[in-house]
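Below, each chain spelled out in residue letters.
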Amino acid sequence: MKKIVALLLVVSCLLSGCALAGKTEKSTVFCMDTVMELQVTGENRVQGIQEVTKLLRQLEQIWSYTDADSTIYKMNAGDFSPEQPQREIIDKAEALSRRTGGALNLRLGAVSEVWGFRDGAQKVPTQDAIDAALAQKKWDMGAVIKGYAGQEAAELLENIPNIDCAILNLGGNVQTVGEKPGGQPWKIGIQNPAGGTPLGTISVTGTASIVTSGDYQRYFEKDGVRYHHIMDPETGRPAQSALTSVTVIARDGLTADALSTALFVMGLEQGSAFWRESDDFEAVFVQTDGKIYATEGAMLSDCSFEVIGREK
Ligand code: ADP
Ligand code: MG
């Protein structure tokens, strides 16, 4: 929890430029197992906050892994085929899974369970338990749903009259909405896993998703080894890609979230090659040794980093 609060502080400091005195409403919500900070500017800001909060709660209920009424729970419990609009989200996420060559794998639900990331009883499981969990292929949309929620919230806010702009921090997934007053770009800090000042700043204009997956977000340590919550689908163990975080910037929130998880699994080299074949996102990779790499359109500043270019 301490880490989440630190993250929120970093983001709110950087975002405070958005707050026009008296015209901005802020709210903190605990939803989808994380702390979310909503900031909406404009005449109808209170309505905006209320409707976004309601939407987030609805999406949490639909996509929860543990709630017995959720679509995901029912899919895992047996022969249940979701209808629209959920079907479309699952299809889109599955298409991203295929596009990433399976680095994003939406069937690792039981794997997270055996590592204790569901009930908090974190432990290193036996190989047999990992193999059995991989074989179960239980659905888990945890890698994509906050990004999707951000994009849905942005659409909702854009359809409410007299909302000037908004910035939503859904537990490390930042969603900007509209143009910041004064025409300045939004400034989003990349969290320093060690805490303190952000590692760098990403600038974006207009509505966008800036999503970070990191090995410091959920983890435990045993015998000096850090076990985190982003799994390598090939091994059923925490991905070891020499990265500590990947931030993805994209117009589409579900894509940003899906790819932040997938690029973390792929690692720098494969992730850079994947970016060269793509045109719908930018990325910032932070290695465990502290080195930072950013794709050439990532608009990163306030740190030294190596640029990943289109030509290798
Ligand atoms: P967070 O949810 O902490 O913001 P991510 O978006 O990276 O971070 O999603 C991680 C979550 O996705 C895990 O908690 C787990 O539920 C699930 N997950 C873990 N590894 C994978 C993977 N390789 N592909 C898809 N989902 C994964
Ligand atoms: Mg993700």
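Residues numbered from 1 in each chain as written. Chains lettered and ligands numbered in written order. Predicted model: local features only at pLDDT ≥ 70, side-chain atom pairs only at ≥ 80, totals over all residues. Heavy atoms only, no water.

Draft legend 1. Looking closely at the overall build of the protein. Each helix and strand counted, the protein has 9 helices and 16 strands in total. Relative to the globule expectation of 20 Å for 312 residues, the C-alpha radius of gyration of the protein, 19 Å, shows essentially globular dimensions. Overall, the C-alpha framework of the protein stretches about 60 × 45 × 35 Å when taken along its three principal axes. Expressed as a percentage of its 312 residues, the buried residues of the protein come to 53%. In the protein, 60% of the contacts between residues at least 6 apart in sequence involve partners at least 24 apart. (Helix = DSSP H or I, 4+ residues; strand = E, 2+ residues; numbered from the N terminus. Rg over C-alpha atoms; globule rule 2.2 N^0.38 Å. Buried < 20%, exposed > 50% of the residue type's maximum accessible area, 1.4 Å probe, protein only. Contact = heavy atoms within 4.5 Å.)

Draft legend 2. Looking closely at the environment of Ser301. Here Ser301 is to be found in strand 15 (residues 300–301). The partly exposed category is assigned to Ser301, whose relative accessible area is 26%. Separated by 139 residues in sequence, Ser301 and Asn162 have C-alpha atoms that sit 32 Å apart. Ignoring any residue separated from it by four or fewer positions in sequence, one finds Ser301 in contact with Gly200 and Thr201.

Draft legend 3. Main features of the site of ligand 1. Taken together, the neighbourhood of ligand 1 is formed by 19 residues, with Asp140, Ser213, His229, Met231 and Thr261 sitting nearest. Asp140 places a side-chain nitrogen or oxygen 2.5 Å from an oxygen atom of ligand 1. Contact between ligand 1 and Thr261: an oxygen atom at 2.8 Å from a side-chain N or O atom of the residue. Here ligand 1 has 570 Å² of accessible area as a free molecule, and 94% of this is covered by the chains. Broken down by element, the residue count for the shell around ligand 1 peaks at 3 residues, all from helix 8 (residues 253–266). Of the residues assigned to the shell around ligand 1, the class counts are 8 nonpolar, 7 polar and 4 charged. (Near = heavy atom within 4 Å. Polar contact = N/O pair within 3.5 Å; in protein donor to acceptor, adjacent residues only side chain to side chain. Areas by Shrake-Rupley, 256 points an atom, 1.4 Å probe, with all protein chains shown as cover. Nonpolar A, V, L, I, M, F, W, Y, C, P; charged D, E, K, R; others polar.)

Draft legend 4. The side chain of Thr255, seen in detail. On the secondary structure map, Thr255 appears in helix 8. In terms of polar contacts, Thr255 uses its side chain to reach the side chain of Asp252, at 2.8 Å. Residues within four places of Thr255 in sequence aside, it is in contact with Lys92, Leu96, Arg99 and Asp280.

Draft legend 5. Broad picture of the packing of helix 8 against helix 9 (residues 268–276). Relative orientation of the contacting elements helix 8 and helix 9 amounts to 135°, with a least axis distance of 6 Å. Comparing the axis directions of helix 8 and helix 9 gives the class oblique. The residues of helix 9 that touch helix 8, namely those facing Leu259, Leu263 and Met266, are Leu268, Gln270, Gly271 and Phe274. Looking at the contact of helix 8 with helix 9, its residues break down into 5 nonpolar, 2 polar and no charged. (Axes fitted to C-alpha atoms, helices over the stretch in contact; angles between N-to-C directions. Parallel < 35°, antiparallel > 145°, perpendicular 65-115°, else oblique.)

Draft legend 6. Looking closely at helix 2 (residues 45–63). The terminal C-alpha atoms of helix 2 lie 27 Å apart, and with 19 residues this matches the ideal 27 Å at 1.5 Å per residue to within 8%. In this structure, the buried side of helix 2 is in contact with strand 1 (24–31), strand 2 (34–41), helix 3 (71–77), helix 4 (86–99), helix 7 (145–158) and strand 3 (165–170). (Expected span 1.5 Å × (residues − 1).)

Draft legend 7. Representation of the sheet that holds strand 15 in the model. The 3 strands are arranged 5-6-15 in an open sheet whose pairing can be described as antiparallel. Edge positions in the sheet fall to strand 5 (186–190) and strand 15, since each has one partner strand and no second. (Pairing = 2+ DSSP bridges.)

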